[in-house]
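# Reading the structure
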Amino acid sequence: MELTALTALEQARLIRNREISAAELLTATLAHVREKEKQIHAFVTICEKEAKEKAAEVDQKLAAGEPVGPLAGVPYSAKDLYCTRGIFTTAGSRILTGWKPPYHAAVIERMNAADAVLFGKTNCDEFGMGG
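Positions within a chain are numbered from 1, following the residues in the order the chain's sequence is written. Restriction of local features to residues with pLDDT of at least 70 applies here, the model being predicted, together with a cutoff of 80 or more for giving and counting side-chain atom pairs; totals for whole chains, interfaces and linings are based on all residues. To get the side-chain values, take all heavy atoms of the structure and skip hydrogens and water.

### A closer look at a nonpolar patch on the surface
Candidates for patches are residues over 30% relative accessible area with no salt bridge; among them, like charges are joined within 9 Å and nonpolar side chains (Val, Leu, Ile, Met, Phe, Trp, Tyr) within 5 Å. Method for areas: the Shrake-Rupley scheme with a 1.4 Å probe, in which residue coverage is limited to the protein chains shown. Within this document, salt bridges are pairs made up of a side-chain nitrogen of Lys or Arg and a carboxyl oxygen of Asp or Glu, the two lying within 4 Å of each other. On the surface, a nonpolar cluster with roughly 230 Å² of combined accessible area is contributed by L81, Y82 and V107. Numbering goes from the N terminus for both helices and strands, where a helix is a DSSP run of H or I of at least four residues and a strand is a run of E of at least two. Mapped onto the secondary structure, L81 falls in the loop between strand 2 (75-79) and helix 4 (106-113). Judged by relative accessible area, which is 34%, L81 ranks as partly exposed. When a residue's accessible area, from a 1.4 Å probe over protein chains only, is under 20% of the maximum for its type it is buried; when over 50% it is exposed; and in between it is partly exposed.

### Section: the pattern of salt bridges
Within this structure, the stated rule accounts for 9 salt bridges. Here K49 ties to E53 by a salt bridge, and the two come within 3.4 Å at their closest N and O atoms. Linking K49 with E53, this pair stays in helix 3 (residues 48-63), spanning 4 residues, or about one helical turn. As a salt-bridge pair, E57 and K61 come within 3.9 Å of each other at their nearest N and O atoms. Within this pair, E57 and its partner K61 are both found in helix 3, separated by 4 residues, close to a single helical turn. The exposure class assigned to E57 is partly exposed, which follows from its relative accessible area of 34%.

Below, the structure is given as structure tokens:
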């Protein structure tokens, strides 16, 4: 079964039923991205450390029988436009090179509350202004 070809709901079901772990799905996703990224160049940042921590947190919650969010363990990427606390955010602009926001954007907070796993930031037009 190709884990990265499944829908988010299918991935979440497999994790919730403990047929796979969040860490296992994240590993498969990162391998897939690394393979494809050589041709696509879509990612500005891969936040592997933070993603592994979140995946481990989800797996620990499930092992302890604690409730998890509807997207528990599902890896996702966000446009580099969205602020992510402690993770480089450039909004596609060289002006913001090296900036790590002190807060999360609302959409990132909601994804965290759903126990989804942010693994990377994707490229975007400068400040989302379009071409």
